[in-house]
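Here's the letter readout for the chains.
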2 protein chains.
Amino acid sequence: MARIVMKFGGTSVADLDRIRNVAGRVKRAVDAGDEVAVVVSAMAGVTNQLVAWCQQLSPLHDAREYDTVVATGEQVTTGLLAIALQEIGVDARSWQGWQIPVRTDAQHGKARIASIEGAELIRRMQAGQVAVVAGFQGVAPDQRIATLGRGGSDTSAVALAAALRAERCDIYTDVDGVYTTDPRIVPRAKKLPRIAYEEMLELASVGAKVLQTRSVELAMKERVRVQVLSSFEDKPGTLVVDEEEIVEQEIVSGIAYSRDEAKMTVRGVPDRPGIAAAIFGPLSEAGMNVDMIVQNVSADGTTDLTFTISRADLPRAQATLEAAKEKIGYSAILADSDVAKISVVGVGMRSHAGVASTMFATLASKGINIQVISTSEIKVSVLIAADYTELAVRALHTAYGLDA
Amino acid sequence: MARIVMKFGGTSVADLDRIRNVAGRVKRAVDAGDEVAVVVSAMAGVTNQLVAWCQQLSPLHDAREYDTVVATGEQVTTGLLAIALQEIGVDARSWQGWQIPVRTDAQHGKARIASIEGAELIRRMQAGQVAVVAGFQGVAPDQRIATLGRGGSDTSAVALAAALRAERCDIYTDVDGVYTTDPRIVPRAKKLPRIAYEEMLELASVGAKVLQTRSVELAMKERVRVQVLSSFEDKPGTLVVDEEEIVEQEIVSGIAYSRDEAKMTVRGVPDRPGIAAAIFGPLSEAGMNVDMIVQNVSADGTTDLTFTISRADLPRAQATLEAAKEKIGYSAILADSDVAKISVVGVGMRSHAGVASTMFATLASKGINIQVISTSEIKVSVLIAADYTELAVRALHTAYGLDA
């Protein structure tokens with residue numbers, strides 16, 4: 001017996017049969033004695049259609065009207081799931097953001113949750129009623145509907161779990177958990193029974209998109225235990241928890257990769273204070289995030305700066321730096337989008353040396369050249385030629401003892 | 001310069017092009033200096049899909065969840081129209097029922113509007129902002145969304161016009177006004193520039209479904225001037241007004257017909273007090289409306305009772321009366337669904353004799369037999385064999401001088 005939040009994404013509620021399937025899952029939890037709140041997304045494809053209509057009418061549409069239109073997708077799912085639950089004898093009612101209320105800030109279209117009023121929902125859940133809550137939406141200070149931005153339903157679920165003081169937030173999705181690496185590359189990849197919030201954040205930021213990053217940050221801040229599991233199979237998934245809850249901590253939990261990177265090198269820049277600001281300032285102002293940065297040793301008073309950005313941003317970044325050529329005073333820009341970032345992640349690194357050197361030695365033994373290196377407390381990332389991605393991931397998976 | 005409510009139905013907002021067309025119409029009114037509130041329906045087909053989903057999940061679904069699902073159709077249209085208006089430079093915002101609020105009673109799925117808070121809308125309209133209001137919905141005393149039942153957007157528009165003290169409520173539809181009769185039967189039928197509320201009610205109840213009956217009743221009660229006009233052509237429609245506003249009152253305004261009738265005759269019932277109640281009581285309890293009723297002259301202590309009901313109700317009515325055969329004590333039931341009701345409508349009848357006799361003489365001259373007759377202050381209706389429908393309508397249209 002526990003109080004839980006169950007969250008189902010768009011593919012899990014894509015049609016009436018799947019909604020009935022979700023109702024069956026919720027009923028099993030209720031029958032087991034759990035107090036249940038369910039957070040749902042729009043039926044798969046609906047949000048895309050609504051967004052397309054707004055954009056076709058006006059590329060620069062009013063975000064408040066966009067929110068009004070797009071939030072209907074989740075509203076439909078809440079009503080349908082409540083009906084499906086009642087049909088199999090489960091007491092349930094739908095809740096829209098404005099009814100609870102889920103209060104957000106004023107940033108329509110990409111709002112952040114400010115507070116959730118949980119008392120009435122708790123009262124009803126204790127009385128045996130399932131709360132079916134629209135994800136992705138709330139009500140802004142102007143009393144109008146606000147949405148959280150794409151993928152925001154994960155964040156809705158975690159925030160609701162915090163407000164309801166739920167024991168767990170179960171995120172049902174089309175994968176059955178978090179793996180030591182991508183099973184399409186390493187068939188012997190293992191599903192992790194538990195993973196720490198910090199590890200999940202690092203994995204998400206390097207391409208393992210199981211959970212929306214904001215939802216993991218919120219879970220870590222509010223100490224909400226999150227479980228990622230399959231909506232189509234009936235087996236335990238991966239628990240995302242505080243690292244103290246992970247007793248047998250491995251040094252390395254997973255190997256992630258990302259092909260969404262591009263490398264830029266600015267050659268022959270004068271080696272003087274302020275030059276990094278001159279280069280990265282304009283990129284930041286244009287909304288581009290720079291990731292790994294390396295500065296070469298200076299020679300003849302000039303140096304080279306190498307950094308990575310999102311591959312999609314490459315043309316804009318080139319244009320931005322070319323416009324600032326006079327001001328920066330470089331000799332040339334080199335760009336390479338044929339790269340991949342490989343990351344080794346694990347909270348155990350904090351107390352164990354030698355993780356990075358194992359990585360470098362493993363890649364060297366396979367003849368893979370490292371172009372850029374960056375490290376954090378619980379992560380070591382390297383940039384390599386994209387062709388070597390699978391080879392590198394497989395070799396590292398074996399080297400850190402992760403093969404099943 | 002006036003304050004007006006413009007209402008657009010589902011076919012008028014069926015796709016983005018039509019929504020842009022509606023935005024253009026609204027802009028012309030705004031440019032002419034009008035203060036405008038727009039009431040919109042769901043895009044054509046959307047409501048049917050949402051209703052079907054609810055019914056497929058559970059034939060006896062919770063009306064509150066049905067309302068939650070179905071009200072999203074209008075919500076989408078309000079947001080899209082607001083975007084389309086802003087795109088052409090018209091200040092506009094969408095309003096859902098709960099935001100205004102439009103308060104309803106507690107009858108979810110077929111709610112009636114209790115009150116509309118118009119002050120904030122008036123303030124904004126006076127400041128030049130167009131209010132784009134979701135038809136068909138409001139908020140019930142339980143603070144949940146309520147819908148008004150199918151076709152309720154007409155009623156929303158009239159109620160809003162009353163609350164805003166609007167000069168006129170323009171109902172844009174796929175016909176361009178109210179005609180003296182169905183132009184598909186009588187090509188020379190004329191569009192009426194004006195028609196009285198009472199006439200409109202009688203025409204609606206006999207099959208001329210231009211406006212929802214409830215909306216006309218409300219317009220009459222609140223003295224809202226309603227105009228019916230085409231959303232695809234740019235010309236004046238028909239004004240539905242108080243009869244005092246109609247200076248040159250014709251004696252007969254229109255000829256209506258309905259093929260949705262069925263005739264039942266209960267033969268050989270004992271001619272004693274209470275027999276009508278014994279027959280019509282069970283039908284009424286089963287939710288069936290009886291329309292025209294004729295009782296024959298008694299012979300040998302028994303009589304025949306003939307009445308009409310909706311054709312769709314005929315099987316249920318037969319079953320109901322057969323179940324009550326012992327109690328009523330009749331000898332036989334005859335049913336005939338091959339009938340049509342022809343009605344002559346006009347407020348001018350109140351002060352002019354001879355309307356009914358003209359009708360009977362005209363039908364007799366064409367050899368059409370009258371089966372049942374019923375009259376009200378402003379209407380004479382007869383039941384005839386369905387085969388003669390077009391002949392009767394054309395003959396009467398000429399007889400009352402309505403041909404163009």
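Definitions and cut-offs
Residues numbered from 1 in each chain as written. Chains lettered and ligands numbered in written order. Predicted model: local features only at pLDDT ≥ 70, side-chain atom pairs only at ≥ 80, totals over all residues. Helix = DSSP H or I, 4+ residues; strand = E, 2+ residues; numbered from the N terminus. Rg over C-alpha atoms; globule rule 2.2 N^0.38 Å. Buried ≥ 20, exposed ≤ 12 C-beta atoms within 10 Å, placed from the backbone. Contact = placed C-beta atoms within 7 Å. Nonpolar A, V, L, I, M, F, W, Y, C, P; charged D, E, K, R; others polar. Domains from an automatic or database assignment. Least-squares fit on C-alpha atoms with pLDDT ≥ 70 in both. Axes fitted to C-alpha atoms, helices over the stretch in contact; angles between N-to-C directions. Parallel < 35°, antiparallel > 145°, perpendicular 65-115°, else oblique. Left-handed = near helix turned anticlockwise from the far one by under 90°. Pairing = 2+ DSSP bridges.

All right, on to the overall build of chain A then. Per the secondary structure count, chain A includes 13 helices and 20 strands. In terms of overall dimensions, chain A is globule-like: its C-alpha atoms have a radius of gyration of 24 Å, near the 22 Å expected for 404 residues. When its C-alpha atoms are laid out on the principal axes, chain A stretches across 80 × 50 × 30 Å. Across the 404 residues of chain A, 49% fall into the buried class.

What follows concerns helix 13 (residues 389-399) of chain A. All names here are of chain A. Burial in helix 13 covers these residues: Thr389, Ala392, Val393, Ala395, Leu396 and His397. The inward-facing, buried residues of helix 13 contact strand 13 (254-258), strand 18 (339-345), helix 12 (355-365) and strand 20 (379-385). Once helix 13 finishes, Gly401 follows within two positions and takes phi at roughly 70 degrees, a positive value.

Once that is clear, we can look at the interface of chain B and chain A. Facing 26 residues of chain B, the contacting portion of chain A comprises 26 residues. When contributions to the side of chain B that touches chain A are tallied by element, the ones reaching two or more residues are helix 2 (46-57), helix 3 (63-70) and helix 4 (72-87) of chain B. Among the elements that take part in the side of chain B that touches chain A, helix 4 of chain B stands out by supplying 11 residues, more than any other. Residue composition of the side of chain B that touches chain A, by class: 11 nonpolar, 12 polar and three charged.

Turning our eyes to something else, we now look at the domain arrangement of chain A. How big an interface is tends to be expressed through the accessible area that disappears when the partners come together. According to the domain assignment, chain A contains domain 1 (3-174) and domain 2 (243-404). For domain 1 of chain A and domain 2 of chain A, the distance between their C-alpha centres works out to 37 Å.

Once chain B is rotated about the relating axis by 180 degrees and shifted along it by 0.1 Å, it coincides with chain A to within an RMSD of 0.1 Å. The operation mapping one copy onto its partner corresponds to a two-fold rotation axis. Minimal C-alpha distance to the rotation axis in chain B is attained by B:Thr72, lying at 2.8 Å. Comparing contact sets, 100% of the residues at the interface of chain B also lie at the interface in chain A, consistent with an isologous, same-surface contact.

Residues and elements named next belong to chain A. At a minimum axis separation of 10 Å, helix 12 and helix 13 run at an interaxial angle of 130 degrees. Accordingly, the angle class assigned to the pair helix 12 and helix 13 is oblique. Judged by the sense of rotation from one axis to the other, the crossing of helix 12 with helix 13 is right-handed. Mapping the contact onto sequence places Thr358, Met359, Thr362 and Leu363 in helix 12 and Ala392, Ala395, Leu396 and Ala399 in helix 13.

Next up on the list: the sheet that holds strand 16 (residues 302-310) of chain B. Residue and element names in this part refer to chain B. One open sheet holds the four strands; their spatial order is 15-16-14-17, and the pairing between them is antiparallel. Every interior strand has two partners, whereas the edge strands, strand 15 (290-295) and strand 17 (332-336), have only one. Shown here is a sheet whose adjacent strand axes are inclined to one another by a mean of 20 degrees, direction ignored. Here strand 15 pairs with strand 16 via four bridges, running antiparallel. Of the residues in strand 16, the one forming a bridge with Ile293 is Phe307. Running at roughly 140 degrees to strand 14 (residues 261-270), helix 9 (residues 275-285) makes contact with strand 14, strand 15 and strand 16 of the sheet. Relative to the sheet, helix 10 (residues 314-323) contacts strand 14, strand 16 and strand 17, its axis offset from that of strand 17 by approximately 175 degrees.

Attention now moves to the pairing of strand 16 of chain B. All names here are of chain B. In terms of strand pairing, strand 14 meets strand 16 through eight bridges, oriented antiparallel. What sits directly across from Lys263, in strand 16, is Thr308. Here strand 15 folds back onto strand 16, and the loop between the two strands holds six residues, one of which, Asp300, carries a positive phi near 60 degrees.

What follows covers the sheet that holds strand 6 (residues 130-134) of chain A. All names here are of chain A. A sheet is described by the order of its strands in space; here eight strands give the open sequence 3-6-2-1-9-11-12-10, paired in mixed fashion. Looking at which strands have only one partner, the edges of the open sheet turn out to be strand 3 (92-95) and strand 10 (194-196). If you compare each strand with its neighbour and ignore which way they point, the axes differ by 20 degrees on average. As defined by bridge partners, strand 2 (residues 35-40) adjoins strand 6 across four bridges and the pair is classed as parallel. Each bridged residue has a counterpart across the sheet, and for Val40 the counterpart in strand 6 is Ala134.

What follows covers the pairing of strand 12 (residues 238-241) of chain A. Residues and elements named next belong to chain A. The side-chain alternation of strand 12 yields two buried faces, one formed by Thr238 and Val240 and the other by Leu239 and Val241. Sheet topology places strand 10 next to strand 12; three bridges connect them, and they run parallel. Looking across to strand 12, one finds that Ile195 is bridged to Val240. Sheet analysis places strand 11 (residues 226-230) next to strand 12, joined by three bridges and oriented antiparallel. Counterpart to Gln227 in the pairing with strand 12 is Leu239.

Residue and element names in this part refer to chain A. The omega torsion across Ile100 and Pro101 is -20 degrees, close enough to zero to call that bond cis. Here Pro101 lies in the loop between strand 3 and strand 4 (102-104). Its identity is not glycine, yet Arg223 carries a phi of approximately 55 degrees, on the positive side. Topologically, Arg223 is positioned in the loop between helix 8 (213-222) and strand 11.

Take the packing of helix 6 (residues 152-163) of chain A against helix 8 of chain A next. All names here are of chain A. The N-to-C vectors of helix 6 and helix 8 enclose an angle of 15 degrees; their axes lie 8 Å apart at closest approach. As summarised for this structure, helix 6 and helix 8 are arranged roughly parallel, according to the angle between their axes. Here helix 6 and helix 8 pass one another in a crossing that is left-handed. Contact residues: Asp154, Thr155, Val158, Ala159 and Ala162 in helix 6; Arg214, Ser215, Leu218, Ala219 and Glu222 in helix 8. The class makeup of the residues in the contact of helix 6 with helix 8 is five nonpolar, two polar and three charged.

This paragraph deals with the environment of A:Ile255. Residues and elements named next belong to chain A. Among the secondary structure elements, Ile255 is positioned in strand 13. The spatial distance from the C-alpha of Ile255 to the C-alpha of Ala392 is 9.6 Å, given a sequence separation of 137 residues. Those residues in contact with Ile255 that sit more than four places away from it in its chain are Thr180, Thr181, Val344, Val393, Leu396 and His397.

On the secondary structure map, A:Gln99 appears in the loop between strand 3 and strand 4. The sequence separation of A:Gln99 and A:Val133 amounts to 34 residues, and the corresponding C-alpha distance is 9.8 Å.

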